[in-house]
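The chain contents come next:
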Amino acid sequence: MDVLPLPLIMQATLPASPYILYSDGKGTIFEDRSLYTTGRSGWDALPIAQDEWIELPAGGQLYELPGRRGIGIDVKTGEMRLCEKGWAVAAFLSPAYTGLYLAAYETGAGAPTLPLFCYTAAGWHNEKIWVPAVRIENDIRQESVGFDEKKIRSGVERLFEAYPHNRLVQHLGNNCALTYHCPAARNFFMGRWECPVPSSPACNANCIGCISFQPESETITSTQDRLVFKPTAEEIVEFTVPHLETAPYPIVSFGQGCEGEPLLMWETIREAILEIRKHTPKGSININTNGSRPAAVEALCRAGLNSIRVSTNSVRKSIYEAYYRPNNYQFEDIVESIKVVRRHGGWASINYFVFPGMTDSADEYEALRTLIRDTDLSMIQWRNFNIDPDWYLGKIGVTDTGEFLGVKQLQELIREEFPHLRFGYFNPPMERIKGNYEHDFAH
Ligand code: SF4
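Computed from a predicted structure; not experimentally measured. (Residues numbered from 1 in each chain as written. Predicted model: local features only at pLDDT ≥ 70, side-chain atom pairs only at ≥ 80, totals over all residues. Heavy atoms only, no water.)

### So, the packing of helix α4 (residues 233-246) against helix α5 (residues 266-279)
Thinking step 1. Where α4 meets α5, the axes come as close as 9 Å, and the angle between the chain directions of the two elements is 40°. Between α4 and α5, the interaxial angle falls into the category oblique. As α4 packs across α5, the resulting crossing turns out to be right-handed. In this structure, α4 uses A233, E234, I236, V237, T240, V241, L244 and E245 to contact α5, whose residues at the interface are T268, E271, A272, E275, I276, R277 and H279.
Thinking step 2. Considering only residue class, the contact of α4 with α5 consists of 7 nonpolar, 3 polar and 5 charged. (Axes fitted to C-alpha atoms, helices over the stretch in contact; angles between N-to-C directions. Helix = DSSP H or I, 4+ residues; strand = E, 2+ residues; numbered from the N terminus. Parallel < 35°, antiparallel > 145°, perpendicular 65-115°, else oblique. Left-handed = near helix turned anticlockwise from the far one by under 90°. Contact = heavy atoms within 4.5 Å. Nonpolar A, V, L, I, M, F, W, Y, C, P; charged D, E, K, R; others polar.)

Next comes the structure, spelled out in structure tokens:
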């Protein structure tokens, strides 16, 4: 049996608070031993408990934050003050890890909006970089060490030869795998796990931090370009059936970062699912979506959809709609889409953009408990929110985030109250959905 690659997780603990990091503005980063680093929750800077730090996981990166000064705690006085030695620094966490606090800094006048990445707190201790984070997912499908560039390139060549007229395979090869380095596309060309199937050039939402489209009026750019054509069901079926038939722990996932909203293409997706299931019962057929059209979800479930992942920045209507700026749908529709899949016995996750101070606020916690109860949700994927924190809170008009629990405590409370609910970072394969979720995959 193929063994799902799960690592043995050993996390070092931190004997003392780490020192703050700063950059010289030329890409070199230093530690300032006169200041301990702090974290940010909402609009507040605060000390971070020692047991919340882990070493920066492999694949993580450090960013300098131009026009911003880090907030630290004076090693001698215990007072909070700015690090005047250089720009603030934050960490970008690799997939499978959820950040517990943002980087804390003061933004100077004229500072540029930060690009669409996550900005987790970071510190220095014992010659190592530390971050306040937890490993939330055991699956290693997106670990940087697991990608073999040679195998990816030969996979692209092989599939280009196998499907010379398939525009989608061309897009996944030239753009997704070889240009954007999308982990899902790279796994597809390595013949394993989750295969991405983008399909929609358009969207019915206007997310502030959309990763595939940013209006000219904004100074930041989207991290990838949106698909420019509508694939046919034939193009989709041609490469997805062999993937489901041959890949270990196979999943095909509609709804990717390089497109708009897949539910706007539901008729094509339905046709593809019906055709796929004529050829193979294997694997999971999933859709990553904004969940805006429950009637379309109903039709896809009847055709054979196995799982859904609904993305959201919040489970509070006002916060959701202030960010998604939906066209002709509303928050209640995304809740209904989750219920539809559960009614059909499918797996339903939320792709939860974690923003410390907002996600773990007392109001959000209550709303999350209600959503889990009302929808019989299967899983929460605790994703780091890739957005400039000041820009986000400013755009949705939040000046005070109120009381907060702490992201770690929020996760513990939800886990305790809803023991059946799964936590993770990725869409699970059918073997996990149908099998013993934890045990089946122990080494
Ligand atoms: S739902 Fe997705 S594609 Fe649509 S605006 Fe939001 S992030 Fe962009």
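### Regarding the nonpolar core
Thinking step 1. Y323, I380 and I414 are the most contacted members of the largest nonpolar core, which has 116 residues in total.
Thinking step 2. No fewer than three residues from each of domain 1 (7-135) and domain 2 (144-434) sit in this core.
Thinking step 3. Apart from residues no more than four positions distant in its own chain, I414 is found in contact with Y365, L368, R369, I372, I380, L421 and F423. (Core = buried A, V, L, I, M, F, W, Y, C linked by side-chain atoms within 4.5 Å. Buried < 20%, exposed > 50% of the residue type's maximum accessible area, 1.4 Å probe, protein only. Domains from an automatic or database assignment.)

### Side note on the pattern of salt bridges
Thinking step 1. Here the structure, examined in full by the defined rule, presents 25 salt bridges.
Thinking step 2. Here R68 and D388 are joined by a salt bridge, their closest N and O atoms 3.3 Å apart. In this pair, R68 is assigned in strand β7 (residues 68-74) and D388 in the loop between β20 (379-384) and α10 (389-395), connecting sequence segments 320 residues apart.
Thinking step 3. Residue class for R68 comes out buried when judged on its relative accessible area of 2%.
Thinking step 4. Put simply, E366, R369, R373 and E417 are held in one network by salt bridges that share partners. (Salt bridge = Lys/Arg side-chain N within 4 Å of Asp/Glu carboxyl O.)

### Let's talk about the domain arrangement of the protein chain
Thinking step 1. One can read the domain layout of the protein chain as domain 1 (7-135) and domain 2 (144-434).
Thinking step 2. One C-alpha centre belongs to domain 1, the other to domain 2, and the line joining them spans 29 Å.
Thinking step 3. With 32 residues of domain 1 at the interface, the matching set in domain 2 holds 36 residues.
Thinking step 4. Across the interface of domain 1 and domain 2, roughly 2,600 Å² is buried in total on both sides, 61% from carbon and sulfur atoms.
Thinking step 5. When the area that domain 1 buries against domain 2 is broken down by residue, the three leading residues are W43, T113 and L116, summing to 29%. (Buried area = accessible area lost by both parts, 1.4 Å probe.)

### Re the site of the ligand
Thinking step 1. Near the ligand you find C203, A205, C207, C210, S212, R226, E259, G260 and N290, and these make up its full shell.
Thinking step 2. When the residues that make up the shell around the ligand are grouped by side-chain class, the tally is 4 nonpolar, 3 polar and 2 charged. (Near = heavy atom within 4 Å.)

### A short note on the packing of aromatic side chains
Thinking step 1. This model, assessed by the stated rule, comprises 20 aromatic pairs.
Thinking step 2. Here Y320 and Y324 contribute two aromatic rings whose centre-to-centre distance is 4.3 Å and whose plane-to-plane angle is 10°, an arrangement assigned as stacked. Placement of both Y320 and Y324 in helix α7 (residues 317-324) is noted, with a separation of 4 residues, approximately one turn of the helix.
Thinking step 3. When the ring of F385 is compared with that of Y392, the centres are 4.8 Å apart and the planes differ by 70°; the resulting orientation is edge-to-face. Each member of the pair, F385 as well as Y392, is classed as buried.
Thinking step 4. Ring-pair connections join several aromatic residues into one group, and the members of that group are Y320, Y323, Y324, F331, F353, F355, F385 and Y392.
Thinking step 5. Positioned over the ring face of Y105 is R40, at 5.8 Å from the centre of the ring.
Thinking step 6. Lying across the ring of F147, R186 places its NZ or CZ 4.8 Å from the centre. (Phe/Tyr/Trp six-rings, centres within 6.5 Å; stacked < 30°, edge-to-face > 60°. Lys NZ or Arg CZ within 6 Å of the ring centre and 35° of its normal.)

### Notes on the packing of helix α6 (residues 294-303) against helix α8 (residues 331-343)
Thinking step 1. In the contact formed by α6 and α8, the axes pass within 8 Å of each other and the chain directions differ by 15°. One way to sum up the angle between α6 and α8 is to call them roughly parallel. Seen from above, α6 lies across α8 with right-handed handedness. Contacts between α6 and α8 involve P294, V297, E298 and C301 on the former and, on the latter, D333, E336, S337, V340 and V341.
Thinking step 2. By residue class, the composition of the contact of α6 with α8 is 5 nonpolar, 1 polar and 3 charged.

### A few points about helix α11 (residues 407-417)
Thinking step 1. Among the residues of α11, those classed as buried are V407, L410, Q411 and I414. With its buried residues spanning 95° around the axis, α11 presents them on a single face.
Thinking step 2. Those residues of α11 that are buried lie in contact with β10 (97-99), β14 (128-135), β19 (347-354), α9 (362-375), β20 and β21 (422-424). (Arc of directions from axis to C-beta.)

### Here we look at the sheet that holds β20
Sheet strands pair by backbone hydrogen bonding; their relative direction is either parallel or antiparallel.
Thinking step 1. Read across the sheet, 7 strands follow the order β15-β16-β17-β18-β19-β20-β21 without closing on themselves; strand pairing throughout is parallel. Taken across any chain shown, the strands that pair with only one partner, and hence form the sheet edges, are β15 (194-197) and β21. Averaged over all pairs of adjacent strands, the angle between their axes in this sheet comes to 25°, without regard to strand direction.
Thinking step 2. Bridge analysis of strand β18 (residues 307-312) against β19 gives 6 bridges, and the strand direction is parallel. Note that in β19 the partner of T312 across the bridge is Y352.
Thinking step 3. Of the strands in this sheet, β15, β16 (251-254) and β17 (284-289) touch α4, which is tilted by about 175° from β15.
Thinking step 4. Each of β19 and β20 is contacted by α9, which is oriented at about 170° to β19, the strand it contacts most. (Pairing = 2+ DSSP bridges.)

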